[in-house]
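Chain by chain, the residues:
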Amino acid sequence: MPVTRYLTLGSAGLGVYEPEEGRPVAEWRRVDAPADAVLCPGFVDLHIHGAKGIDGMTATSDEIAGLCDWLATQGYEAWLPTTVSCAAHEALAFAQRLPDHPMILGFHLEGPFLSPKYPGAQPESAIAAPPAFDDPEWGPVFRHPKLKIVTLAPERPGAAALVSALSARGVVVSMGHTNATFAEAMTGFEAGVSCATHAFNAMRGLHHREVGALGFALTEDRLFTELIYDRKHVSTEAARLLLKCKPPGKVIAVSDSSAAAGLPEGSRIDLWGHAAEVEGGAVRIAGTQTLAGSTITLLDAFRNIWSDFGLEAAIGLTSQNAQRLIPFTSSGARITFGLDMTVSLVRSVAP
């Protein structure tokens, strides 16, 4: 019976490997032969609001479980349902509606402790100052066992104390929707910020006299950064700059997908209090150029990164690097692709 040889990341780096029955990929033998297909780990998305018309802020537990099924067909192994800015009781209800599903790692609280100057498509009326960790309303959210990531603006009064308290209990704090200067971003990092949410987007940009939050994200090697690589949020040239500046393993592809992901061109939906429309492969607040999340999955991001920066970068950004920030026990899910980047199936190759 012919053996399928895979182009994949194995123990000797990117190359062609032959499967060995009962052995994980790391123990496969590298061969000098043409590949029949590409093999990569399942995708891990740490920032996703919804898809297929389903918005996490209003979805039922059954709808979220159904979304897991659809994401599995897109190559996902795991994901973090993500809020938008909201009141404490809404965030807590969001967490309580999450089903106990092996693909769901917890949740990502994006907002409401953001800069009013960089709201993006976030509900501006919900944006608020950071409270104390033991705040009567927000305390139950901050202590919730499923809370994995909090995105906030580190320059806001009270943010540093909240960052310290959250990071002390093992929650990843990411700076995003921020007007922070370089010094304010550094203060946040010293308090415990370990990531930058969707680098380039909704943050103070780079200026030669004040490089701001973006400058800090580009130059601090210990900081992880998210990247939405739909070629709409960030140009190829900007993504190349990020990948040149950051150490290997520190850039994480996210979809930041909204309920518009998977909907046909021309679709119109209500999104976080905004009328939004899908046009040109992006979703925007109607009548504006403001992007309201994305319409992609990590499968799309994987193909884009593979095409523009190579297969090794695509595997790292869509799977391996996320697991460095949010460690979890992998199921061993692997995705096989044809050499033309067409996804074939999802299966486990681990013993």
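Up top you'll find the structure we're talking about.
Calculation rules
Residues numbered from 1 in each chain as written. Predicted model: local features only at pLDDT ≥ 70, side-chain atom pairs only at ≥ 80, totals over all residues. Heavy atoms only, no water. Pairing = 2+ DSSP bridges. Helix = DSSP H or I, 4+ residues; strand = E, 2+ residues; numbered from the N terminus. Axes fitted to C-alpha atoms, helices over the stretch in contact; angles between N-to-C directions. Core = buried A, V, L, I, M, F, W, Y, C linked by side-chain atoms within 4.5 Å. Buried < 20%, exposed > 50% of the residue type's maximum accessible area, 1.4 Å probe, protein only. Contact = heavy atoms within 4.5 Å. Polar contact = N/O pair within 3.5 Å; in protein donor to acceptor, adjacent residues only side chain to side chain. 1 Å grid on protein atoms, 1.4 Å probe; cavity = no way out; pocket = protein on both sides within 12 Å on 5 of 7 lines; lining within 4 Å. Points joined across faces, edges and corners; volume = space filled by probe spheres on them. Parallel < 35°, antiparallel > 145°, perpendicular 65-115°, else oblique. Left-handed = near helix turned anticlockwise from the far one by under 90°. Nonpolar A, V, L, I, M, F, W, Y, C, P; charged D, E, K, R; others polar. Salt bridge = Lys/Arg side-chain N within 4 Å of Asp/Glu carboxyl O.

Peer 1: Tell me about the sheet that holds strand 15 (residues 268–271), residues and numbers included.
Peer 2: Ordered by their spatial adjacency, three strands build an open sheet running 15-16-17, and the pairing between neighbours is antiparallel. Edge strands, defined here as strands with exactly one partner in the open sheet, are strand 15 and strand 17 (282–285). Strand-to-strand, the axes of this sheet are offset by a mean angle of 35 degrees, without reference to chain direction. Where strand 16 (residues 274–279) and strand 17 come together, four bridges link them in antiparallel fashion. Across the sheet, residue Glu279 finds its bridge partner in strand 17, namely Ala282.

Peer 1: Hey, could you go over the nonpolar core for me, with residue numbers and the actual values?
Peer 2: Ranked by internal contacts, the top residues of the largest apolar core, which has 86 residues, are Phe43, Trp79, Leu109, Met175, Phe302 and Phe337. By residue number, the principal contributor to this core is helix 8 (residues 298–309), which donates six residues. With 15 residues, the next largest nonpolar core counts Ala78, Leu80, Cys195 and Ala322 among its residues.

Peer 1: Explain unusual backbone geometry to me, using residue names and the numbers behind them.
Peer 2: In this chain, Gly111 is followed by Pro112 through a cis amide linkage whose omega measures 10 degrees. Turning to its location among the elements, Pro112 is positioned in the loop between strand 9 (107–110) and helix 3 (139–142). Unlike most non-glycine residues, Phe200 shows phi in positive territory, near 85 degrees. Structurally, the position occupied by Phe200 is in the loop between strand 12 (193–196) and helix 6 (212–219). Phi at Arg231 is positive, roughly 65 degrees, even though this residue is not glycine. Mapping Arg231 onto the fold places it in the loop between strand 13 (224–227) and helix 7 (236–245). For Arg231, a relative accessible area of 37% puts it in the partly exposed group.

Peer 1: Run through the environment of Leu109, naming residues and quoting values.
Peer 2: Among the secondary structure elements, Leu109 is positioned in strand 9. Using a relative accessible area of 0% as the deciding quantity, one classes Leu109 as buried. When the C-alpha atoms of Leu109 and Ser11 are compared, they prove to be 36 Å apart, with 98 residues separating the residues in sequence. In contact with Leu109, other than residues within four places in its own chain, are Thr83, Ala91, Trp138, Val141, Phe142, Leu147, Ile149, Val150 and Thr151.

Peer 1: Explain the environment of Glu210 to me, and be specific about the residues and the numbers.
Peer 2: Turning to its location among the elements, Glu210 is positioned in the loop between strand 12 and helix 6. Put simply, Glu210 and Ala183 are 27 residues apart on the chain and 9.4 Å apart in space, counted from C-alpha to C-alpha. When near neighbours in sequence (up to four residues on either side) are disregarded, Glu210 contacts Thr181, Phe182, Arg204 and Gly205. A distance of 2.8 Å separates the side chain of Glu210 from the backbone nitrogen of Phe182, its partner in a polar contact.

Peer 1: Can you explain the sheet that holds strand 9? Please cite residues and give values.
Peer 2: On the basis of which strands lie adjacent, the open sheet formed by six strands has the order 9-10-11-12-13-14 and parallel pairing. In this open sheet, the two edge strands, each paired with only one partner strand, are strand 9 and strand 14 (251–253). On average, each strand axis in the sheet is inclined to that of its neighbour by 30 degrees, with strand direction left out of account. As judged from the three bridges shared by strand 11 (residues 172–175) and strand 12, these two strands associate in the parallel manner. Residue pairing across strands places Val173 opposite Val193, the latter belonging to strand 12.

Peer 1: Kindly report on empty space enclosed by the protein, identifying the contributing residues and their values.
Peer 2: As enumerated under the stated definition, the model contains one cavity of 30 Å³ or more in all. Roughly 50 Å³ of volume is contained in the largest cavity. Lining the largest cavity are Ile48, His49, Gly50, Ile54, Gly56, Ala59, Ile64, Leu67, Trp79, Pro81, Thr82 and Phe94. If you list the elements that add at least two residues to the lining of the largest cavity, you get helix 1 (61–73) and strand 8 (76–81).

Peer 1: How would you summarise the side chain of Thr197 if you had to cite specific residues and measurements?
Peer 2: With respect to the secondary-structure elements, Thr197 resides in the loop between strand 12 and helix 6. Of the polar contacts made by the side chain of Thr197, one reaches the side chain of Ser174; its length is 2.8 Å. Sequence-distant contacts of Thr197, defined by excluding residues within four places in its chain, comprise His47, Glu110, Thr151, Ser174, Met175, Gly176, Met203 and Glu226.

Peer 1: Describe the packing of helix 5 (residues 182–191) against helix 6, naming the residues involved and giving the relevant values.
Peer 2: One can describe the packing of helix 5 onto helix 6 by two numbers: an axis separation of 7 Å at closest approach and a directional angle of 55 degrees. Taken together, the axis directions place helix 5 and helix 6 in an arrangement best described as oblique. Our pair here, helix 5 against helix 6, has a crossing hand that is right-handed. Of the residues in helix 6, those in contact with Phe182, Ala185, Met186 and Phe189 of helix 5 are Gly212, Ala213, Gly215, Phe216 and Thr219. A per-class count over the contact of helix 5 with helix 6 returns six nonpolar, three polar and no charged.

Peer 1: Lay out the pattern of salt bridges in plain terms, naming residues and giving numbers.
Peer 2: Per the counting criterion, the structure on display carries eight salt bridges. Across the pair Glu220 and Arg222 runs a salt bridge whose closest N-O atoms are separated by 2.9 Å. Owing to a relative accessible area of 12%, Glu220 belongs among the buried residues under this scheme. Overlapping salt bridges, with partners in common, bring together Arg5, Glu18 and Arg29 in one network.

Purely geometric stuff here, so don't read any function into it on its own.
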